[in-house]
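Each chain is listed here by its residues.
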Amino acid sequence: MKITVDIDCTPEEARHFLGLPDVKPMQDAMMREIQESMRANLHAMDPETMLKTWLPASIQGMEQLQKMFWSQMASALGQEGRK
């Protein structure tokens, strides 16, 4: 035997019925604090610092790859010139 019960209620009504706390005021307060700290951090950063923070490895990795490539090319050309 299988019994199915469908209950149509809002999340607030379900929390109240199950005795769960209303966390919406806490969530709103936390979101305000997060937004304020993000705004403060964004205003404090200049564009160069922001790029270094967001893309630190990829840009530096590309520069290192280019340097390695050119050094390999230079050493290969230098060895061929000696022969």
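None of the values given here were measured: they were computed from a predicted structure.

**Details of the overall build of the protein chain**
Working step 1: If you tally the helices and strands in the protein chain, you get four helices and zero strands.
Working step 2: Relative to its full complement of 83 residues, the protein chain shows a buried share of 1%.
Working step 3: Carbon and sulfur atoms form 62% of the exposed surface of the protein chain, whose accessible area is close to 8,200 Å².

**Observations concerning the pattern of salt bridges**
Working step 1: Inspection of the entire model under this criterion finds three salt bridges.
Working step 2: Two residues, Asp-28 and Lys-24, come together in a salt bridge whose shortest N-O distance is 3.5 Å. One end of the pair is Asp-28 and the other is Lys-24, both in helix α2 (residues 24-44) and four residues apart, which spans about a single turn.

**Considering a nonpolar patch on the surface**
Working step 1: A contiguous nonpolar surface patch, about 500 Å² in accessible area, is contributed by Met-26, Met-30, Met-31, Ile-34 and Met-38.
Working step 2: Along the polypeptide, Met-26 turns up in helix α2.
Working step 3: Given the relative accessible area of 52%, Met-26 is considered exposed.

**Things to note about helix α1 (residues 11-18)**
Working step 1: With respect to burial, α1 is a largely exposed element, only zero of its eight residues being buried.
Working step 2: Immediately beyond the C-terminal end of α1, within one or two residues, lies Gly-19, with a positive phi of roughly 80°.

**Describing the confidence of the model for the protein chain**
Working step 1: The share of residues in the protein chain with pLDDT of 70 or more is 86%, and the mean pLDDT across the chain is 83.
Working step 2: When mean pLDDT is compared element by element in the protein chain, α1 scores highest at 90, while helix α3 (residues 47-54) scores lowest at 72.

**A closer look at the packing of aromatic side chains**
Working step 1: Under the defined criterion, the tally for this structure stands at one aromatic pair.
Working step 2: For the ring pair Phe-69 and Trp-70, a centre distance of 5.4 Å and an interplane angle of 70° mean the geometry is edge-to-face.
Working step 3: Judged by its relative accessible area of 45%, Phe-69 is partly exposed.
Working step 4: A relative accessible area of 56% means that Trp-70 is categorised as exposed.

Basis of the calculations
- Residues numbered from 1 in each chain as written.
- Predicted model: local features only at pLDDT ≥ 70, side-chain atom pairs only at ≥ 80, totals over all residues.
- Heavy atoms only, no water.
- Helix = DSSP H or I, 4+ residues; strand = E, 2+ residues; numbered from the N terminus.
- Buried < 20%, exposed > 50% of the residue type's maximum accessible area, 1.4 Å probe, protein only.
- Areas by Shrake-Rupley, 256 points an atom, 1.4 Å probe, with all protein chains shown as cover.
- Salt bridge = Lys/Arg side-chain N within 4 Å of Asp/Glu carboxyl O.
- Patch = residues over 30% accessible without salt bridge, like charges linked within 9 Å, V, L, I, M, F, W, Y side chains within 5 Å.
- pLDDT = per-residue confidence, 0-100.
- Phe/Tyr/Trp six-rings, centres within 6.5 Å; stacked < 30°, edge-to-face > 60°.

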